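# Understanding the architecture of this molecule
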Protein chains: 2
Amino acid sequence: MSLVNAAPSPEHPETCTGATTADAAAPTAQRGEIAVALPMRHAGVRTTALRYELQGPAGAPVVFLAGGISAHRHASASAAFAEAGWANALVAAGRALDPARHRILAFDYVGADGKLDAPIDTSDQADAIALLLDALEIDRLRAFVGYSYGAMVGLQFAARHPSRLQRLVAVSGAHKPHPYASAWRALQRRAVALGQLQCADAQGLALARQFAMLSYRTPEEFGERFDSVPEIVNGRVRCAAEDYLDAAGAQYVARTPVTAYLRLSESIDLHRIDPAAVAVPVNVVAVEGDRLVPLADSVALVEALHGRGQLRVLRSPYGHDAFLKETDRIDLILAAVLGDTGAQP
Amino acid sequence: MSLVNAAPSPEHPETCTGATTADAAAPTAQRGEIAVALPMRHAGVRTTALRYELQGPAGAPVVFLAGGISAHRHASASAAFAEAGWANALVAAGRALDPARHRILAFDYVGADGKLDAPIDTSDQADAIALLLDALEIDRLRAFVGYSYGAMVGLQFAARHPSRLQRLVAVSGAHKPHPYASAWRALQRRAVALGQLQCADAQGLALARQFAMLSYRTPEEFGERFDSVPEIVNGRVRCAAEDYLDAAGAQYVARTPVTAYLRLSESIDLHRIDPAAVAVPVNVVAVEGDRLVPLADSVALVEALHGRGQLRVLRSPYGHDAFLKETDRIDLILAAVLGDTGAQP
């Protein structure tokens with residue numbers, strides 16, 4: 001792999017941090033985009049853009065944060081980019097991922113712009129991150145914190161680029177997808193294909209997302225929230241959860257290119273790593289009740305990591321989405337596992 | 001409700017049983033169809049056909065058997081109707097439901113022919129069964145054995161027609177659907193609707209069925225059967241379970257009218273009974289790991305039945321489908337709970 005354009009070219013140069021010390025009062029953030037030629041596992045060499053956001057004081061240790069396939073480079077709000085990020089409750093003052101004490105780096109996944117219509121492997125994402133670190137002149141991450149797809153990418157990164165990170169925290173993601181979860185995703189992709197038959201792409205994608213929501217959450221949560229008698233509307237039964245599911249579908253469709261969804265969904269199913277190839281310490285965080293990543297798979301991962309793996313188990317009615325919903329408890333876990341890395345390089 | 005045509009009019013008169021004693025060597029079976037005017041809860045009075053099959057010697061105690069929404073009147077093979085039935089392994093010589101010692105009665109659910117395009121309540125099914133018993137001059141069932149939707153219908157039957165049965169066995173079905181399972185079914189119906197938009201009805205129904213299969217089975221089973229790396233076929237990822245899911249969808253589409261699927265799926269979600277209204281003994285059989293009917297719902301049902309309810313719990317990798325797959329273990333349970341009813345009236 002090689003950089004087509006190794007020099008970061010921030011889209012918002014006015015927001016580049018002027019702070020040079022870790023104790024700057026207001027954390028700053030910068031965004032940029034680099035073009036790389038990425039040798040992909042299943043798709044040959046492709047030129048693609050890597051869009052990143054880096055928040056926090058220059059010189060502070062860098063934590064790479066990677067979320068689910070819907071996550072992106074904007075992890076949390078800052079003075080420069082004030083809108084809420086996808087991990088806003090975890091990357092905040094006083095948290096383990098305090099952007100006053102760390103630099104938090106995140107990127108848009110390869111394929112997230114919908115322009116790469118080819119099979120994307122988690123190893124491709126890991127190699128892209130290594131290229132990004134080269135471009136940003138970051139030798140080594142203090143930690144890679146990955147959730148869901150991000151945990152899979154983190155495992156690939158740890159296996160392929162062990163010198164580039166001190167520690168991996170892999171939340172709700174394992175060395176391979178569970179076959180039941182893969183089947184669930186395969187059917188979601190079929191919903192998209194059914195919609196595409198007649199140019200009802202948005203409807204197919206909304207339905208896929210709605211089915212995905214069921215896999216991200218739990219019966220316990222639905223039992224609490226939607227336990228009312230269905231209505232009959234225009235002669236059809238309409239269940240209590242359907243308003244919620246409608247909203248979830250519409251919100252997703254508005255921000256997600258169909259091709260991005262399909263290729264990143266596939267990428268989860270392509271994921272496979274040999275835990276024996278991971279040479280750095282890994283904290284595996286599993287959620288009991290996760291319907292996509294069964295606890296048994298996280299246990300198997302930790303066992304296969306031998307002494308390098310440690311397991312933390314959380315019980316949550318939010319299942320696979322616990323990382324995004326149980327932010328106080330996740331922060332406690334992150335504080336415990338990142339604590340020994342210290343705040344300064 | 002009233003009978004439009006109370007006299008059974010067997011479609012296959014040549015197969016009507018000639019045996020008049022319970023010890024006839026070969027159990028016989030008859031089929032028939034009656035037309036009834038059924039006052040429906042949400043749809044007014046509708047004239048509909050009730051198609052039944054009754055297997056076993058005249059005079060033997062009658063057990064009504066009701067399965068999932070895909071079940072039908074042909075429960076098991078007989079000399080008269082040799083093809084395998086949907087409960088072939090449970091209704092057989094030597095089993096608790098031995099057709100030499102019982103008469104096994106089953107019917108096609110109201111709406112199963114796809115001709116009734118209206119909301120169908122489980123109480124409608126229960127009332128239809130009472131009309132069928134009238135027509136067949138069966139005063140009282142030795143037992144009603146219901147599985148899945150059939151358990152819901154059985155609970156309605158027990159609540160509305162308590163004098164017509166001695167005991168109910170309700171397997172994998174409760175007093176109300178779980179909101180998470182309802183959401184899952186609502187999305188399946190949306191898959192059908194998406195197909196219908198473009199006259200791809202079969203494709204939509206196949207996808208709905210495939211999603212349903214995931215709810216009927218468990219991750220444990222899929223983990224055993226489909227744990228291989230996905231292939232890339234024509235540039236798309238194809239997961240290990242997809243052949244199986246393709247077959248399941250095609251098989252279902254070949255035998256199921258779209259309207260029947262939609263209306264019976266809705267009917268599950270409309271189901272509600274007050275367990276306090278059930279005045280007969282009920283054996284509730286629950287499967288730990290059932291993703292549609294959580295064990296907690298079966299426990300809640302038994303508690304609300306007070307002294308009239310007894311719970312048996314089965315652990316099975318087949319989840320909701322255990323009734324159809326764990327037939328030896330289900331038979332043992334049926335033998336235990338039906339044993340005290342004796343073989344003769």
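Residues numbered from 1 in each chain as written. Chains lettered and ligands numbered in written order. Predicted model: local features only at pLDDT ≥ 70, side-chain atom pairs only at ≥ 80, totals over all residues. Heavy atoms only, no water.

Turning our attention to the packing of aromatic side chains. On inspection of all chains with the given rule, the structure shows 26 aromatic pairs over all chains. Taking 5.6 Å as the distance between ring centres and 35 degrees as the angle between the ring planes, the aromatic pair formed by Phe144 of chain B and Phe157 of chain B counts as tilted. Of the two residues, Phe144 of chain B is situated in strand β6 (residues 143-147) and Phe157 of chain B in helix α2 (residues 149-160); the sequence distance between them amounts to 13 residues. Per residue, the accessibility class of Phe144 of chain B equals that of Phe157 of chain B, and both read buried. Taken together, the aromatic side chains of Tyr180, Trp184, Phe222, Phe226 and Tyr244 of chain A together with Tyr180, Trp184, Phe222, Phe226 and Tyr244 of chain B make up a single cluster linked through ring pairs. Above the face of the Tyr244 of chain A ring, Arg225 of chain A is positioned so that its terminal group lies 4.6 Å from the ring centre. A cation sits over an aromatic face here: Arg31 of chain B above Phe81 of chain B, 3.8 Å from the ring centre. (Phe/Tyr/Trp six-rings, centres within 6.5 Å; stacked < 30°, edge-to-face > 60°. Helix = DSSP H or I, 4+ residues; strand = E, 2+ residues; numbered from the N terminus. Buried < 20%, exposed > 50% of the residue type's maximum accessible area, 1.4 Å probe, protein only. Lys NZ or Arg CZ within 6 Å of the ring centre and 35° of its normal.)

Once that is clear, we can look at the interface of chain B and chain A. If you look at the interface, chain B gives 55 residues, while chain A gives 55 residues. Both sides together, the interface formed by chain B and chain A hides about 4,700 Å², and carbon and sulfur atoms give 64% of it. Summed over the shared surface of chain B and chain A, the result is 10 salt bridges. The salt bridge partner of Asp117 of chain B is Arg236 of chain A, with a shortest N-O separation of 3.7 Å. For the side of chain B that touches chain A, the secondary-structure elements that each account for two or more residues are α3 (179-196), α4 (201-216), α5 (219-225), β9 (236-238), α6 (242-255) and α7 (258-270) of chain B. Residue contributions to the side of chain B that touches chain A peak at 13 residues, all from α3 of chain B. Residues that form the side of chain B that touches chain A fall into these classes: 26 nonpolar, 14 polar and 15 charged. (Contact = heavy atoms within 4.5 Å. Buried area = accessible area lost by both parts, 1.4 Å probe. Salt bridge = Lys/Arg side-chain N within 4 Å of Asp/Glu carboxyl O. Nonpolar A, V, L, I, M, F, W, Y, C, P; charged D, E, K, R; others polar.)

Glancing now at the domain arrangement of chain A. All names here are of chain A. You can read the domains of chain A as domain 1 (2-176 + 271-338) and domain 2 (179-268). Of note, the centres of domain 1 and domain 2, computed from C-alpha atoms alone, are 26 Å apart. Contacts between domain 1 and domain 2 engage 30 residues on the former and 23 residues on the latter. The largest per-residue losses of area from domain 1 upon contact with domain 2 belong to Ile69, Arg291 and Leu292, which jointly make up 31% of the total buried on that side. A salt bridge links Asp117 to Arg263; the nearest nitrogen and oxygen atoms lie 2.8 Å apart. (Domains from an automatic or database assignment.)

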